Every structure is written in C-alpha cells, then in structure tokens.
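# Architecture at a glance
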Amino acid sequence: MPHPAHAMTPAAARAQFRAGLVDHTSGYSAGYAQANLLAVPKDYAFDFLLFAQRNPKPCPILGVLEAGQYNSELLPGGDIRTDIPKYRVFKEGELIDEISDASNYWRDDLVSFLIGCSFTFEGALQNEGISIAHIDQGRNVPMYRTNIDCAPAGVFRGKKVVSMRPIPASQVADAVRITSRYPAVHGAPIHVGDPAAIGITDINQPDYGEAVDIPAGTIPVFWACGVTPQSVVMESRPSLAISHAPGYMLVTDVRDLQYQVP
C-alpha cells in the first residue's frame, strides 16, 4: 500500500524534516529521486570524488555542493544542513552523534556529495507489481556490510554496503531489468540469493535499518547502497564527516524518470 506521504511534494517533505520530523523516507514524494549525503572537509574532497569515480555502483554522484554551499538544483530553496530527517556525525571515524539538525557541527570548509539512492527506483518496481517488503511492513530498509572490497582512492577504502529487498522468485528477472535502467541510483543488483556468499552471516540482523519478514517464495536481492561511504569513513577515519542516517534520505526536486535510461 502507498506510504502516507507518497503524495507530498519534495519541498513540503523537506520543510517537515527542517521543522523536526524524524522519519525514514522510503515511500516519500512518489516520482522524485532521493539522495544520500556525505560531507567531508575540502582537504578530503578530491580523494572522495576519486573514490566515487572508482566505485560507481555504491557511490553514484548526483551532485556536489562546494565548500560553504548549502543548496543546489536538487533542493532549491533548501538547506543541506537541516533538510534531512536524521544525520550522523563522525570524528576520526567514530560515530559521535545522531541529530535532526547538523548546523551546530557544520563548517564552511565542508564539501557535500549527494549520492544516488535505491529508494528512487522503488516506485518503478511497484508500478510493475513488485511489492517492497520494508514499505509494506512500515520498516526501514535492511542494509548490510559485505565482504566485497571497494577500489581504494587516496585515504578512502573499505567494504561495500548493500540494501536488501525480498523479491518473488518469478519476478527477480523483472526486478533486475527494471533497476538496471537506473544506473545513477545503483542500477541492477550486485547479488541475488545466498547472503553468506557476500559475507552476511545473519540476514535477520542487518547492520543498518531494520530486518524485514521474508515471505515464502521470495529470494533476497541485494543492491549496492549509498551507506557504503559511512562504512568507508569508519575504516578510513577522516577528521570529520557528516552523513544522512541510513534510510533517512534527502528528498530531491529531481524526477526519478530523469535518471532512467532507455
């Protein structure tokens, strides 16, 4: 069933989050793309841009806000420091805070990377009759650290993170086909089936988000995830990093169809 906020405009959703609403954003503002955030000091920005270029599946860049810039065409009239429902703050790789307003931690030398999010293609899956378990069950999407190495760049290195959606066996090929048309928001899955093959020991214990009930007759399907930079930050230990909290995304003004390829 549709999320109660599916008809909300992106600007209205951001205004609610700016006012203090904290909610995971899967199902918000149907038809509009969502984005992950990673903001790092300018001294680390080139290294991260190179890291993203070498790892386009987990880190597809939708936009970059220069140091001191708080909005862009992805969030016109918005503020990257306040318009995400929940943020995480890392110092030297350690998670030190989760907050709904990042203004007190923000610095004028932070460069913000907006990274594609798989929530963007969920509407396309639903339109083809493929149900999304975490939406149907009112939960945050389950996400897992894997044993798959990212290609390192500069100071950044670490393992890929994936999101999981259980898909009926008869619809897995359709899910691959549909999501492959959205390369800017992770595209086709990177693994189908056995979680242990990518280092996930217990599918009912995600590293981020919430576990979902996996109906009989479905197969776990794993997409590269924009939470990967947070896992990489924890391993690479830059002096400061600010991100969205997993599942609590930036709702942008860009139509999801803009990221669909023929």
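To start, this report covers the structure provided alongside it. (Residues numbered from 1 in each chain as written. Predicted model: local features only at pLDDT ≥ 70, side-chain atom pairs only at ≥ 80, totals over all residues. Heavy atoms only, no water.)

A separate point is unusual backbone geometry. In terms of backbone geometry, most residues other than glycine have negative phi values and most peptide bonds are trans. We note that serine 29 has phi near 50°; this positive angle belongs to a residue other than glycine. By the element assignment, serine 29 lies in the loop between α1 (10-18) and β1 (32-41). Looking at serine 29, the relative accessible area reads 1%, which means it is buried. (Helix = DSSP H or I, 4+ residues; strand = E, 2+ residues; numbered from the N terminus. Buried < 20%, exposed > 50% of the residue type's maximum accessible area, 1.4 Å probe, protein only.)

Below, the discussion takes up the environment of alanine 169. As for its position among the elements, alanine 169 is in the loop between β7 (159-168) and α5 (172-179). A C-alpha to C-alpha distance of 9.2 Å links alanine 169 and proline 220, two positions 51 residues apart in sequence. Once you skip the residues sitting within four places of it in the chain, alanine 169 turns out to touch Gly217, Thr218 and Ile219. (Contact = heavy atoms within 4.5 Å.)

Further remarks concern α5. Residues Val172, Ala175, Ile178 and Thr179 constitute the buried set of α5. Summarising the axial view, the buried residues of α5 lie within an arc of 125°, below the 170-degree limit, and thus occupy one face. On its buried side, α5 packs onto α3 (122-127), β7, β8 (191-192) and β9 (218-224). (Arc of directions from axis to C-beta.)

Under the definition given, this model contains one cavity of 30 Å³ or more. Along the walls of the largest cavity sit 13 residues, with Asn36, Cys117, Ser118, Met143 and Cys225 positioned nearest its centre. A class-by-class count of the residues in the lining of the largest cavity yields seven nonpolar, six polar and no charged. (1 Å grid on protein atoms, 1.4 Å probe; cavity = no way out; pocket = protein on both sides within 12 Å on 5 of 7 lines; lining within 4 Å. Points joined across faces, edges and corners; volume = space filled by probe spheres on them. Nonpolar A, V, L, I, M, F, W, Y, C, P; charged D, E, K, R; others polar.)

Note on placement: asparagine 36 falls in strand β1. Given the relative accessible area of 3%, asparagine 36 is considered buried. Here the side chain of asparagine 36 touches glycine 116 through a polar contact of 2.7 Å, landing on its backbone oxygen. Other than its neighbours up to four places away in sequence, asparagine 36 contacts Phe113, Leu114, Ile115, Gly116, Cys117, His186, Gly226, Val227, His244 and Met249. (Polar contact = N/O pair within 3.5 Å; in protein donor to acceptor, adjacent residues only side chain to side chain.)

All right, on to the side chain of histidine 244 then. Take histidine 244: it is sitting in strand β10 (residues 241-244). Here histidine 244 falls in the buried class, since its relative accessible area comes to 0%. Looking at histidine 244, its side chain comes within polar contact range of the side chain of asparagine 36, at 3.0 Å. Filtering out sequence-adjacent residues up to four positions away, histidine 244 remains in contact with Asn36, Leu37, Ile84, Lys86, Tyr87, Arg88, Gly226, Val227, Gln230 and Met249.

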